[in-house]
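Architecture and fold: a report
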2 protein chains.
Amino acid sequence: MQKILDIDITIIGLGLIGGSYAMAFKEINSGHIWGVDTNENTLKKAANMKIIDEGYGDFSAHIPIKKSDLVIIAVYPQAAVKIIKNNVKNFKKGAIITDVLGIKGNNIDVIQEILGEHNAEFIGGHPMAGKESSGLEYASKDIFNGANYVLTPTKKNKKHTVDYMEDLIRKIGFKNISIVTPEKHDELIAVTSQLPHAIALSLMNSKGVDKSIKNFIGGSFKDESRVAKINPELWCELFMSNKKFLLKAICDFQESIADIKAAVESEDCERLKTIMKNASLKKGELN
Amino acid sequence: MQKILDIDITIIGLGLIGGSYAMAFKEINSGHIWGVDTNENTLKKAANMKIIDEGYGDFSAHIPIKKSDLVIIAVYPQAAVKIIKNNVKNFKKGAIITDVLGIKGNNIDVIQEILGEHNAEFIGGHPMAGKESSGLEYASKDIFNGANYVLTPTKKNKKHTVDYMEDLIRKIGFKNISIVTPEKHDELIAVTSQLPHAIALSLMNSKGVDKSIKNFIGGSFKDESRVAKINPELWCELFMSNKKFLLKAICDFQESIADIKAAVESEDCERLKTIMKNASLKKGELN
């Protein structure tokens, strides 16, 4: 593929998402791509895969950061804040820092506060791509192809930075790029990502769901339980940091399934068919 | 592909499932495959696709039925009973009749009662394969490949018939074939198929789910809402005829999602992580 980009990039955290970024940028970027990870084996693996030029441990993160035009932070919320804090004076003048977190909460305010009037600019980002398995071994640039991406600038971000990021993200395969406030992002994501995860977990934990049903599973159950294979540490942090919106989404869903239950209970076919038609129609609109 | 079967087959109802059966048998069977459908265009289409040798309208169903070793009834529950009633004296001596219905209820008893001591033997079957779209144009023999199949014999079925069906079903690509009573089938299917459909409908009908979320949808929402594109006539009949087991499955699921809500509400991380670990573990076991 043609190298249409020439910047130096540091990716912090070479898991599924960080690793996929490394792959995607390696293909289009002629500049350096450095990786930072706490796990030495992961760094070796990434180097062997030739998706990074060099790997650095946590404590030497400043070495590539000092030279990078773009720093992508692909670690857990609390770790992300810590890295910025530790490197606040190390970012290159004019560098852009972004994250990949599924929930923004007040993290962006905290980070922008830490950075203050320093050289670098932080802009929140959320690649809506993933897999039910975590870790570098599952990374693939293909997960970004045609996927949705959300940019969450604040008043502190320059318009030029937002435009630059939008262009960059499009270059590695994302299709629909939305620009909303961090709070609006969290409200929407509670419905489109956290609620489906809560549903998948609830389905798997339902009474009656055990090995005995294995050979009776069709596509609907398989699809709906897919994301139940979850990373509890990460998702607990994500759920808790979006408590307000997630609880609202769960309540709305509970009302909705109670409607179906009531229609079945009272054998109200007309009501049930209307529910089915509405859902079907809405699904069609969202495709 | 080698023709490893030589029987004459009538398929009643050339929709998604009936059409897929026609395709699958056409590939391995050197005998005739006839199609019966109320829609003349569907019959023409199936003939053009060369997946049936000849098509018959509803009123001439007796013509192919009289000559068929196997009759597959792939229409709605009430229509299935009617067809058997109308053709009770037309079935060939020793013929096997089977259906494809997702819910068995007391249909099988009713049908076996109608057939009485006549020539043909009815055995219930449920191919756990499908698509979110219905109709012949979506039919594909591939949907059977590796899918689950449930046979629901009663005391009235001969062991030889059960074995014969099991072998036949395996020949067209199904993998795990389970043999259970019609009642056990309905109990399990409430959990593995009807509940996931009720969930998908509820997700789509949740407040907050509308066009505005379109660009914020990731894989989890897409997968979990897939089957919300539903056939209301069929699924209303399926839901209502399995009322008891479906309501139980919904109740169990409601308890399960209430657990998650309570853990988030009280910010009980340990509880939430345990819920996530359990779900993840169970998902692993069912894969």
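What you see is a predicted model, and the numbers here were worked out from it, not measured in a lab.

This part covers empty space enclosed by the protein. All names here are of chain B. One pass over the full model with this rule turns up one cavity of 30 Å³ or more. Estimates place the volume of the largest cavity at around 40 Å³. Elements supplying a minimum of two residues to the lining of the largest cavity: helix H1 (16–28), strand E4 (70–73), strand E5 (96–99) and helix H6 (159–171). Of the residues forming the lining of the largest cavity, the biggest block, three residues, is contributed by H6. Looking at the lining of the largest cavity residue by residue, the classes come out as nine nonpolar, one polar and one charged.

A few words on the relation of the copies chain A and chain B. Put simply, the second copy of the chain is the first one after a rotation about an axis and a shift along it. Under the fitted operation, chain A is carried onto chain B by 0.0 Å of movement along the axis and a turn of 180 degrees, and the coordinates agree to an RMSD of 0.0 Å. Here the copies are linked by what is in effect a two-fold axis. Among all residues of chain A, the minimum C-alpha distance to the rotation axis is found for Glu224 of chain A, at 2.3 Å. In this assembly, 100% of the residues forming the interface of chain A have copies in chain B that are likewise at the interface, indicating an isologous arrangement.

This part covers the sheet that holds strand E2 (residues 33–36) of chain A. Residues and elements named next belong to chain A. With mixed pairing, eight strands are arranged side by side in an open sheet as E3-E2-E1-E4-E5-E6-E7-E8. Edge strands, defined here as strands with exactly one partner in the open sheet, are strand E3 (54–56) and strand E8 (177–179). Strand after strand, the sheet turns through a mean of 25 degrees between neighbouring axes, direction not considered. Two elements, strand E1 (residues 9–12) and E2, share four bridges in a ladder whose sense is parallel. Within the sheet, the bridge partner assigned to Thr10 lies in E2 and is Trp34. On the sheet, helix H1 (residues 16–28) packs against E1, E2, strand E4 (70–73), strand E6 (121–128) and strand E7 (148–152) and is oriented at approximately 160 degrees with respect to E1.

Contact residues are listed per partner, giving 86 residues for chain A and 86 residues for chain B. For the pair chain A and chain B, the summed buried area comes to about 8400 Å², and 66% of that belongs to carbon and sulfur atoms. Summed over the shared surface of chain A and chain B, the number is eight salt bridges. Between Arg226 of chain A and Asp223 of chain B there is a salt bridge whose closest N-O contact spans 2.5 Å. The interface formed by chain A and chain B holds 34 residue pairs in polar contact (both at pLDDT 80 or more) in total. Among the secondary structure elements, those contributing two or more residues to the side of chain A that touches chain B are E7, helix H7 (182–205), helix H8 (219–225), helix H9 (232–240), helix H10 (243–265) and helix H11 (269–286) of chain A. Within the side of chain A that touches chain B, the residues separate by chemical class into 43 nonpolar, 21 polar and 22 charged.

Residue and element names in this part refer to chain A. Of note in this structure, Lys50 is not a glycine but carries a positive phi near 60 degrees. Following the sequence through the fold, Lys50 ends up in the loop between helix H2 (40–48) and E3. The exposure class of Lys50 is exposed, given its relative accessible area of 64%.

Of all the bends in helix H7 (residues 182–205) of chain B, the greatest measures close to 50 degrees and is centred on Ala190 of chain B. Of all 24 residues that make up H7 of chain B, 20 are buried, and the element is covered over most of its length.

All right, on to the side chain of Ser256 of chain A then. Structurally, the position occupied by Ser256 of chain A is in helix H10. In this structure Ser256 of chain A comes out as buried when scored by relative accessible area, which is 7%. Leaving out residues up to four positions away in the same chain, Ser256 of chain A has contacts with Leu201, Ser202, Asn205 and Ser206 of chain B.

So, about the domain arrangement of chain A. All names here are of chain A. With domains assigned, chain A is organised as domain 1 (9–180) and domain 2 (185–286). A C-alpha centroid distance of 31 Å is found between domain 1 and domain 2. Every contact between the two is made by 16 residues of domain 1 and, on the other side, 14 residues of domain 2. Summing both sides of the interface, domain 1 and domain 2 together bury roughly 1300 Å²; the carbon and sulfur share of this comes to 62%. Taken together, the links from domain 1 to domain 2 amount to zero salt bridges. Viewed at the interface, domain 2 and domain 1 are joined by five residue pairs in polar contact (both at pLDDT 80 or more). Sorting the residues of the side of domain 1 that touches domain 2 by element identifies helix H4 (77–86), E6 and E7 as the ones contributing at least two each. Here the side of domain 1 that touches domain 2 is built from residues that sort into seven nonpolar, seven polar and two charged.

Criteria and thresholds
Residues numbered from 1 in each chain as written. Chains lettered and ligands numbered in written order. Predicted model: local features only at pLDDT ≥ 70, side-chain atom pairs only at ≥ 80, totals over all residues. Heavy atoms only, no water. 1 Å grid on protein atoms, 1.4 Å probe; cavity = no way out; pocket = protein on both sides within 12 Å on 5 of 7 lines; lining within 4 Å. Points joined across faces, edges and corners; volume = space filled by probe spheres on them. Helix = DSSP H or I, 4+ residues; strand = E, 2+ residues; numbered from the N terminus. Nonpolar A, V, L, I, M, F, W, Y, C, P; charged D, E, K, R; others polar. Least-squares fit on C-alpha atoms with pLDDT ≥ 70 in both. Contact = heavy atoms within 4.5 Å. Pairing = 2+ DSSP bridges. Axes fitted to C-alpha atoms, helices over the stretch in contact; angles between N-to-C directions. Buried area = accessible area lost by both parts, 1.4 Å probe. Salt bridge = Lys/Arg side-chain N within 4 Å of Asp/Glu carboxyl O. Polar contact = N/O pair within 3.5 Å; in protein donor to acceptor, adjacent residues only side chain to side chain. Buried < 20%, exposed > 50% of the residue type's maximum accessible area, 1.4 Å probe, protein only. Bend = angle between axes of the 7 residues up to and from the residue. Domains from an automatic or database assignment.

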